[in-house]
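# Summary of the model geometry
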Protein chains: 2
Amino acid sequence: MLENLRIVLIGTSHNGNIGSTARAMKTMGINDLVLVEPKSFDPNNLCDDAIAMASGATDLLASAKVVSTFEQAIEDCAVVMGASARSRHLPWPLMHPRKAAAKSMEVLPRGQKVALVLGRERTGLTNDELAMCQVHIHIPANPDYASLNVAAAAQVLCYEVRMAALDHQQALEPEYEGDWGVSWDNELATQGEMNGFFQHLEETLVDIQFLDPNNPKQLMPRLRRLFQRAMPDKVEVNILRGILKMVLRNNKQ
Amino acid sequence: MLENLRIVLIGTSHNGNIGSTARAMKTMGINDLVLVEPKSFDPNNLCDDAIAMASGATDLLASAKVVSTFEQAIEDCAVVMGASARSRHLPWPLMHPRKAAAKSMEVLPRGQKVALVLGRERTGLTNDELAMCQVHIHIPANPDYASLNVAAAAQVLCYEVRMAALDHQQALEPEYEGDWGVSWDNELATQGEMNGFFQHLEETLVDIQFLDPNNPKQLMPRLRRLFQRAMPDKVEVNILRGILKMVLRNNKQ
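For clarity, every value in this text was computed on a predicted model and none was experimentally measured. (Residues numbered from 1 in each chain as written. Chains lettered and ligands numbered in written order. Predicted model: local features only at pLDDT ≥ 70, side-chain atom pairs only at ≥ 80, totals over all residues. Heavy atoms only, no water.)

## Structural notes on the state of the cysteines
Evaluated as defined, the whole model comprises zero disulfides over all chains. The cysteine A:Cys133 is free of any disulfide, with A:Cys77 supplying the nearest cysteine sulfur at 11 Å. (Disulfide = S-S within 2.5 Å.)

## Some remarks on the side chain of B:Thr12
Along the chain, B:Thr12 turns up in the loop between strand E1 (5-10) and helix H1 (15-27). Not counting chain neighbours up to four residues away, the residues in contact with B:Thr12 comprise B:Asn17, B:Ile18, B:Glu37, B:Pro38, B:Lys39 and B:Glu121. (Helix = DSSP H or I, 4+ residues; strand = E, 2+ residues; numbered from the N terminus. Contact = heavy atoms within 4.5 Å.)

## Regarding the packing of helix H8 (residues 191-207) of chain B against helix H10 (residues 234-252) of chain B
All names here are of chain B. At a minimum axis separation of 10 Å, H8 and H10 run at an interaxial angle of 25°. Taken as axis vectors, H8 and H10 run roughly parallel relative to one another. Relative to H10, H8 is oriented so that their crossing is left-handed. Between H8 and H10, the residues in contact are Glu193, Met194, Gly196, Phe197, His200, Leu201, Glu203, Thr204 and Asp207 and Lys234, Val237, Leu240, Arg241, Leu244, Lys245, Val247, Leu248, Asn251 and Lys252, respectively. Taken together, the residues of the contact of H8 with H10 sort by class into eight nonpolar, four polar and seven charged. (Axes fitted to C-alpha atoms, helices over the stretch in contact; angles between N-to-C directions. Parallel < 35°, antiparallel > 145°, perpendicular 65-115°, else oblique. Left-handed = near helix turned anticlockwise from the far one by under 90°. Nonpolar A, V, L, I, M, F, W, Y, C, P; charged D, E, K, R; others polar.)

## Overview of the relation of the copies chain A and chain B
Between chain A and chain B, which share one sequence, the superposing operator has a rotation angle of 180° and an axial displacement of 0.1 Å; the RMSD is 0.1 Å. Each copy turns onto its partner about a two-fold axis. (Least-squares fit on C-alpha atoms with pLDDT ≥ 70 in both.)

## Observations regarding the nonpolar core
Ranked by size, the top nonpolar core spans 95 residues in total, and within it A:Ile7, A:Leu116, B:Ile7, B:Leu116 and B:Leu118 carry the most contacts. When neighbours within four sequence positions are excluded, B:Ile7 is seen to be in contact with B:Thr21, B:Met25, B:Ile30, B:Asp32, B:Leu33, B:Val34, B:Leu116, B:Leu118 and B:Cys158. (Core = buried A, V, L, I, M, F, W, Y, C linked by side-chain atoms within 4.5 Å. Buried < 20%, exposed > 50% of the residue type's maximum accessible area, 1.4 Å probe, protein only.)

## Some words on the sheet that holds strand E7 (residues 135-137) of chain B
Residue and element names in this part refer to chain B. Pairing is parallel in the open sheet, where seven strands are placed in the order E3-E2-E1-E6-E4-E7-E5. Each edge of the open sheet carries a strand with a single partner, namely strand E3 (65-67) and strand E5 (94-95). Where E1 and strand E2 (residues 32-36) come together, five bridges link them in parallel fashion. Looking at the pairing, Leu9 lines up with Leu35 of E2. (Pairing = 2+ DSSP bridges.)

## Considering the pairing of strand E2 (residues 32-36) of chain A
Residue and element names in this part refer to chain A. In terms of burial, E2 is largely enclosed, as five of its five residues are buried. Alternating positions in E2 separate into two faces, Asp32, Val34 and Val36 on one and Leu33 and Leu35 on the other, with burial throughout. Once you follow strand E1 (residues 5-10) into helix H1 (residues 15-27) and on to E2, the crossover reads as right-handed. Taken together, the three bridges between E2 and strand E3 (residues 65-67) define a ladder with parallel strand orientation. Directly across from Val36, in E3, lies its bridge partner Val67. (Right-handed = clockwise from strand over helix to strand, strands pointing away.)

## Here we look at unusual backbone geometry
Residues and elements named next belong to chain A. At Glu37, a position not held by glycine, the phi torsion is positive, near 40°. For Glu37, the position within the fold is in the loop between E2 and helix H2 (48-54). The phi angle at Ser55 is positive, at roughly 50°, despite the residue not being glycine.

## Considering the sheet that holds strand E5 (residues 94-95) of chain A
Residues and elements named next belong to chain A. Judged by pairing direction, the sheet is parallel, and its seven strands sit side by side in the order E3-E2-E1-E6-E4-E7-E5 without closing on themselves. The strands lining the two open edges of the sheet, one partner per strand, are E3 and E5. Strands E1, strand E6 (113-118) and strand E7 (135-137) of the sheet are contacted by helix H7 (residues 150-168), whose axis makes an angle of about 155° with E6.

## So, the environment of A:Ala165
Residue and element names in this part refer to chain A. Take Ala165: it is sitting in helix H7. Separated by 60 residues in sequence, Ala165 and Met105 have C-alpha atoms that sit 6.8 Å apart. Excluding residues that lie within four positions of it along the chain, Ala165 makes contacts with Met1, Leu2 and Met105.

Encoded structure:
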């Protein structure tokens, strides 16, 4: 599905930026790069700057298409969205990258092409170019310094589209969190095991005279809250109880 | 709130990457940069590479703190999250950037510091360094080419935290979409005005013999669907009716 996403760079001056953009694209699984009137880039004779910044993504540079007009770059696209830093006199459909990515997911899975367009390093897209986009994308940057590098902007846009695509395919790799999910390496301890641990812990704390059973205050509830929050697995509980056992044994000697 | 977010770079080789990271941070309103054992960076004697890549963010470079251990870099932080490309032998709390950003929002508004940590250009963070992070952050990159540039990764992380912060403060600037929202420059046309337009349109299409009233097919429903979807404003409807008026007048001559 991401094969239907195209990045279009218009009037790029620095070949290093074309290289960094290729790298940003490839890390997100996006390969279709079209360059409209780059200042000096030649896919058949890659310069050192572009190669250095592309790192392992020189294949994208070599297969990049260079065209002389924006119209040619987007001829076969169903949707064209252009990055715009400034708010224009004439309001235009305007989306944050996340919404633009979600919008792309209405089009890409049907096999139609979406172009995300980035302008010149200093001046961005012209008003005429922006008028050829159905949607303007605004990265909600720091209003006092909104100057994202063109490859950095490409990285954000490609990342959002990849996230949306993985979400669409329900293919986001699992995160581990609170309960560590299904990918954790050991089974979680049962509450019976946890209670066994807490009894062991309390007994130990009394034994070492850290906990006064006649004036326990909030010590055990606080320790329960701590360890329960961590949701230990069976191995971890065994380790903790091993420690308690040693503490008790040493204390009794 | 973003003043409590710190970016920590460990063992960075290329000063250009430190410059790009400073720029990425500043575009997202994040200013606290700490460098652990950079190969050759000196905030009191900035080199050309760093300055060129930082663009207008040299102030961040000059105020960057250089320390010799990771411990020093995170001493005053409540939460430390490290970027990790690989899955480790020992599973660890692992989050995508979006979840990590949401998690940061549980901490930053209370005035406590969160550090996002990025490792060396080639080798990332060591296992020992990752063990000092409560959470590992995984950018769900292309498994065949997951090599994000360190500043590109910083851009993605800073962007996600900024999005989460704006969302938290309900300060995301409005998007315009379907109904263009409240920020559109003109009032939307009423349905009475739209119906007036559709009658005018139909009359015109009959007049120019494009629409056969005895065999209208789906022409008007399709045109209705098109124009209703665009939700024109009053000025746009006036323009459209101005066009129809001219077409009718010319056709009657």
